[in-house]
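Working through the structure, step by step
Each chain, letter by letter, is given below.
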Amino acid sequence: MIRIENLSKIYSDGTVALKNISFQIARGEFITVLGKSGAGKSTLLRCINRLVQPSSGKVYISGEEVLGNNPKQLKKMRRKMGMIFQNYNLVKESSVLTNVLAGRLGYLSSGASLLGRWSENDIQSALGHLSDLGLAEKSHSPAGTLSGGQSQRVGIARALMQEPEIILADEPVASLDPETARSIMEILRDINQKKGTTLICNLHQPALAEEFGTRTLILENGELIPDEKRKNL
Ligand SMILES: Nc1ncnc2c1ncn2[C@@H]1O[C@H](COP(=O)(O)OP(=O)(O)O)[C@@H](O)[C@H]1O
Ligand SMILES: [Mg+2]
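Given the structure is predicted, the values throughout are model-derived calculations rather than measurements. (Residues numbered from 1 in each chain as written. Chains lettered and ligands numbered in written order. Predicted model: local features only at pLDDT ≥ 70, side-chain atom pairs only at ≥ 80, totals over all residues. Heavy atoms only, no water.)

**Describing the side chain of Ser151**
Spelled out, the test is: Helix and strand labels come from DSSP, where a helix needs a run of H or I of at least four residues and a strand needs a run of E of at least two; each type is numbered from the N terminus. Categorising residues by exposure relies on relative accessible area from a 1.4 Å probe, with only protein chains included: less than 20% of the type maximum marks a residue as buried, more than 50% marks it as exposed, and the intermediate range marks it as partly exposed. Here a residue-residue contact requires only that any non-hydrogen atoms of the pair lie within 4.5 Å.
Note on placement: Ser151 falls in helix 6 (residues 148–160). Since its relative accessible area comes to 6%, Ser151 is described here as buried. If we skip the residues at most four places from it in the chain, Ser151 touches Tyr88, Leu90, Ala143 and Leu146.

Structure (structure tokens):
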């Protein structure tokens, strides 16, 4: 599903964020990526959807190399990948429903997206996701009025609107209390198990990474720790 070959990232100020990373992920895996702050977790996710341009190395999705210089291919690739953020990235003044519909933007022509012309299908689908996530009665509230856990559920609903094959979650529970964090991880596991969506989830809590990941990758100073060394950690 995802193949990473010799991926390195050196930022323009000389910071080496990723050092020659290679791994593969099969369809339907729930990969947790564990590492301290600064280990390179966000850079890794962003190299996968090309929010960050790798310095060297290759990323393949379903056998097709992701090319940074082909806007048409990039749009198609990014549609397959839903992204979930630590700080939710919601437009606080807009309604919950509008925030969720934003997940469809990659499917609209630029004219239709500027006008916010959503099809009835999209609206029904957004309301369906909100209802599944226990947020039906919040659909018309401004997103800024929600709690952290509710905001992240909106973030998840927005990602689901893309009908993604892959969900990239960058520390989705780092701003939440432990109980809410677990409930969000359980929602992600449910999506993984019921829809077969491939998940890559950055975390800094080892216990959550072990519990929820079907496999855990460990990043340290931009390097992937090989399995045989992990026993000593
Ligand atoms: N845009 C950037 N420019 C320069 N350095 C960056 C940039 N983004 C991240 N870094 C650096 O790259 C390293 C890895 O960062 P990051 O991928 O954000 O790690 P993590 O998500 O594990 O905390 C850190 O040293 C960080 O300071
Ligand atoms: Mg990060």
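Having seen the structure, we can now continue with the description.
**Focus: the packing of aromatic side chains**
So the rule is basically this: Only Phe, Tyr and Trp rings are paired, with Trp represented by its six-membered ring, and only when their centres lie within 6.5 Å; those with planes under 30 degrees apart are stacked, over 60 edge-to-face, the remainder tilted. A positively charged side chain is recorded as over a ring if its NZ (Lys) or CZ (Arg) lies within 6 Å of the ring centre. The angle to the ring normal must also be within 35 degrees.
Across all of its chains, the model carries zero aromatic pairs by this definition. Taking NZ or CZ as reference, Arg3 lies 4.2 Å from the ring centre of Tyr60, over its face.

**Considerations on the site of ligand 1**
Rule in force here: By convention in these notes, a residue is near a molecule or strand provided one of its non-hydrogen atoms lies within 4 Å of it. The term polar contact refers here to a pair of N or O atoms within 3.5 Å; inside protein, the definition further demands a hydrogen-donor-capable atom paired with an acceptor-capable atom, and it admits residues adjacent in sequence only when both atoms are side-chain atoms. By the convention adopted, Pro, Cys, Tyr, Trp, Phe, Met, Ile, Leu, Val and Ala count as nonpolar, Lys, Arg, Asp and Glu as charged, and the other residues, Gly among them, as polar.
With respect to spatial proximity, the complete set of residues near ligand 1 consists of Tyr11, Asp13, Thr15, Ala17, Lys36, Ser37, Gly38, Ala39, Gly40, Lys41, Ser42 and Thr43. Take Gly38: an N or O atom from its main chain is 2.6 Å from an oxygen atom of ligand 1. Within the side chain of Thr43, one N or O atom sits 2.5 Å away from an oxygen atom of ligand 1. Per element, the largest residue contribution to the shell around ligand 1 is three residues, and it comes from helix 1 (residues 41–48). Split into classes, the residues belonging to the shell around ligand 1 amount to three nonpolar, six polar and three charged.

**Describing helix 5 (residues 120–132)**
The criterion, for reference: The length a helix should cover is 1.5 Å for every residue beyond the first. The directions considered for the arc run from the helix axis to the C-beta atoms.
With 13 residues, helix 5 ought to run about 18 Å at 1.5 Å a step, and its terminal C-alpha atoms sit 18 Å apart, in line with that. Where helix 5 is concerned, the buried positions are Asp122, Ala126, His129 and Leu130. Here the buried residues of helix 5 occupy an arc of 100 degrees about the axis, which is enough to place them on one side. In helix 5, the exposed residues that point more than 90 degrees away from the buried face are Glu120, Asn121 and Asp132.

**Observations regarding the pattern of salt bridges**
The following threshold applies: Only one rule defines a salt bridge in this text: a Lys or Arg side-chain nitrogen within 4 Å of an Asp or Glu carboxyl oxygen.
Overall, the coordinates contain 10 salt bridges when judged by the stated rule. Glu171 is the partner of Lys41 in a salt bridge, and the nearest nitrogen-oxygen pair spans 3.5 Å. Of the two residues, Lys41 sits in helix 1 while Glu171 sits in the loop between strand 7 (166–170) and helix 7 (178–195), which places them 130 residues apart along the sequence. Considered together, Lys41 and Glu171 belong to a single accessibility category, that of buried residues. When the shortest N-O distance is used, the salt bridge between Glu163 and Arg104 registers 3.5 Å. Placement of Glu163 in the loop between helix 6 and strand 7 and of Arg104 in the loop between helix 3 (96–101) and helix 4 (110–114) is noted, with a sequence separation of 59 residues between them. Using a relative accessible area of 59% as the deciding quantity, one classes Glu163 as exposed. With a relative accessible area of 12%, Arg104 lands in the buried category. Because the salt bridges share partners, they merge into one network encompassing Arg104, Asp122 and Glu163.

**Considering the sheet that holds strand 10 (residues 223–224)**
This is how the line gets drawn: Two strands are said to pair when DSSP picks up at least two bridges between them.
Spatially, 6-7-8-3-9-10 is the arrangement adopted by the six strands of the open sheet, whose pairing is mixed. Both outer strands of the open sheet, strand 6 (81–85) and strand 10, are each paired with one neighbouring strand and no more. Relative to strand 7, strand 6 runs parallel, the two sharing five bridges. Of the residues in strand 7, the one forming a bridge with Met81 is Ile166.

**So, the side chain of Arg158**
Convention followed: Two residue types count as positive, namely Lys and Arg, and two as negative, namely Asp and Glu; His and chain ends fall outside the count.
With respect to the helices and strands, the residue Arg158 is situated in helix 6. There is no salt bridge for the buried Arg158, and the closest opposite charge comes from Glu93, which lies 11 Å off by N-O distance. In terms of polar contacts, Arg158 uses its side chain to reach the backbone carbonyl oxygen of Tyr88, at 2.8 Å. Once you skip the residues sitting within four places of it in the chain, Arg158 turns out to touch Phe85, Tyr88, Asn89, Leu90, Asn99, Val100, Ala102 and Gly103.

**Regarding the nonpolar core**
Note the cut-off: Throughout this description, the term nonpolar core refers to a set of buried Ala, Val, Leu, Ile, Met, Phe, Trp, Tyr and Cys residues connected via side-chain atoms within 4.5 Å.
Ranked by internal contacts, the top residues of the largest apolar core, which has 39 residues, are Val100, Ile156, Val173 and Met185. At the level of secondary structure, the elements contributing two or more residues to this core comprise strand 3 (30–34), helix 3, helix 5, helix 6, strand 7, helix 7, strand 8 (198–203) and helix 8 (206–212). Looking at this core, the element that brings in the most residues is helix 7, giving six residues. Apart from the residues within four sequence positions on either side, Ile156 is in contact with Ile84, Leu133, Ile184, Ile187, Leu188 and Ile191. Residues Cys47, Ile48, Val59 and Phe85 belong to the second largest nonpolar core, which totals 29 residues.

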